[in-house]
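Survey of secondary and tertiary structure
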Amino acid sequence: MSSLDPSDWASLRALGHQMMDDMIDHLAGLRDRPVWQPMPAAIRAGFQAPMPQEPTPLAAVYEAFKRDIQPYVTGNTHPRFFGWVHGGGNAVSMLAEFLAGAMNANCGGRDHVGIAVERQVIAWSAEMLGMPASTRGVLLTGSSMANFVAVLCARYKALGPEVRTLGLGGPELTAYAAAGAHRCVGGAMDMAGLGKDALRLIPVDAEGKMDLRVLAAAIEADKAAARIPFLIIGTAGSVDTGAVDDLAGLRAVADSHWLWFHVDAAFGALAALSPKFKPLLAGIETADSVAFDFHKWAQVTYDAGCILVRDSDLQLAAFTQATNYLAASPRGLAGGAPWACDLGPDLSRGFRALKIWMTLSAYGAAALGGVVETTCELAQYLGQRVQEDERLELLAPVTLNIVCFGVRSGVDVEELVADMQEEGKFAPSTTKVNGRPAIRVAIVNHRTEQADIDALLADVLARIEPRQAASFDASH
Ligand SMILES: Cc1ncc(COP(=O)(O)O)c(C=O)c1O
């Protein structure tokens, strides 16, 4: 007997119900828990144990989960988590993950409903951004992979099919992005064999937008040096400050030099669901490709990234591979071409589309647009309060849902934020804006309210006061 199914389904059912109850309690009681807490050394050490050879009753394994795992996760479900750009997830998506686990569908290809659901999600995404109905795409882990897929599509367009068999050969391709572009853009150039140095980081203006004149001059300079400009990457929602490039302007520059125009809209894409903030994205609908995530502002549980490609044939040509063991057929389970494995790097893929489809179906796009608006309004509110307080300094304009501010005293921002995180009350993160240390507050979670922002600010100010006094004492 090698089946892993239980001999006693009734016990599994009872424990499964218990898990479901516990996790619903977990979500319902988020506010009563610390945002995050460091793992005690003993628990960390427990994860260096050798691989278990003998079985442990599932009830005991679940107890270990509740004791050693559940309390020490990242904390981004908590309404007072403001770090990086983490989405809060949602209850429907949690349940969908359970359903997807039961189906255990491999969505790499073949003809089954998982593929139909994913195509539906891709079509909704193209509609959201105003891209043509013929747009193709594929779900991926996140925008890091989505940006990578876009670079590979643009590389294929620039060098033709030979690049897939002969490799890069001679030509030196150059790409362009704003100085505030996410690190994964350079990473994508690296992974595509083009090298990070071939990404020109173009300076930004006071609003954090790429300077179009410097961009045009950089393209001309590369052409004059016999290099081949092939790609402009616009950012819609920069990771540091939430800045949005002039996307229509970038399209015009791309057109005048026959370049691929990609937009990294990792979280910003969702602004398209808000009538108030959608105009900020003007021009995104003209992109050759767009990378974005459902696991950020769309509140779907991790992971759920997406790439959309306007030229659907090109995406297929850039990834498809003919093999006997994966040949699509006109009928039967091997039908349904093109398969997702021919649109990106993954072959085996889980049923990511289900949690996106269920989230969009259960809440509706307007509610998600409402989350975008509320979080942006909270960011405006925080930005305003920072500007009104002489102890603080707003370090970048608030475009979307990210607020970066400094403290005017000699307080160490890194220490201050680490203290806040370790006490479990709030979890902002840090960055540098124009070289200056900043407390970075990304308001992404649908659970965050104005009282959370007030409490965050009060906490920062309370921490500044004694520290300012201490540094004064030390210097006298
Ligand atoms: C602008 C931007 N691009 C790309 C990424 C990378 O996305 P992911 O973490 O989903 O790979 C992020 C992540 O925060 C981002 O903000």
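None of these values were measured; they are calculated from a predicted model. (Residues numbered from 1 in each chain as written. Predicted model: local features only at pLDDT ≥ 70, side-chain atom pairs only at ≥ 80, totals over all residues. Heavy atoms only, no water.)

Once that is clear, we can look at the site of the ligand. Taken together, 14 residues surround the ligand, and among them Ser-143, Ser-144, Asp-264, Asp-293 and His-295 come closest. One nitrogen or oxygen atom from the side chain of Ser-144 is found 2.6 Å from an oxygen atom belonging to the ligand. One of the side-chain nitrogen or oxygen atoms of Asp-264 is found 2.6 Å away from a nitrogen atom of the ligand. Against a free-state accessible area of 390 Å², the protein chains account for coverage of 86% of the ligand. Class assignment of the residues belonging to the shell around the ligand gives a composition of four nonpolar, seven polar and three charged. (Near = heavy atom within 4 Å. Polar contact = N/O pair within 3.5 Å; in protein donor to acceptor, adjacent residues only side chain to side chain. Areas by Shrake-Rupley, 256 points an atom, 1.4 Å probe, with all protein chains shown as cover. Nonpolar A, V, L, I, M, F, W, Y, C, P; charged D, E, K, R; others polar.)

A few words on the sheet that holds strand β8 (residues 392-394). Reading across the sheet, the four strands line up as β8-β9-β11-β10 and stay open at both edges, with antiparallel pairing between neighbours. Each having just a single partner strand, β8 and β10 (429-433) make up the two edges of the open sheet. Taking the axes of each pair of neighbouring strands and ignoring which way they run, one obtains an average angle of 40° across the sheet. Direction of pairing for strand β9 (residues 402-407) relative to strand β11 (residues 436-442): antiparallel, over a ladder of four bridges. Of the residues in β11, the one forming a bridge with Val-403 is Val-441. (Pairing = 2+ DSSP bridges. Helix = DSSP H or I, 4+ residues; strand = E, 2+ residues; numbered from the N terminus. Axes fitted to C-alpha atoms, helices over the stretch in contact; angles between N-to-C directions.)

The next subject is the confidence of the model for the chain. When the pLDDT values of the chain are averaged, the result is 95; 98% of them are 70 or greater. Long-range and interchain partners of residues 472-476, a stretch whose pLDDT sits below 50, account for zero contacts in this model, where long-range means more than four residues apart. (pLDDT = per-residue confidence, 0-100. Contact = heavy atoms within 4.5 Å.)

Space inside the largest pocket adds up to approximately 710 Å³. As for the largest pocket, its lining consists of 27 residues, of which Met-23, His-26, Leu-27, Phe-65 and Met-94 are closest to the centre. If you list the elements that add at least two residues to the lining of the largest pocket, you get α1 (9-28), α3 (58-69) and α4 (91-103). Here the lining of the largest pocket takes seven residues from α1, the largest share from any one element. (1 Å grid on protein atoms, 1.4 Å probe; cavity = no way out; pocket = protein on both sides within 12 Å on 5 of 7 lines; lining within 4 Å. Points joined across faces, edges and corners; volume = space filled by probe spheres on them.)

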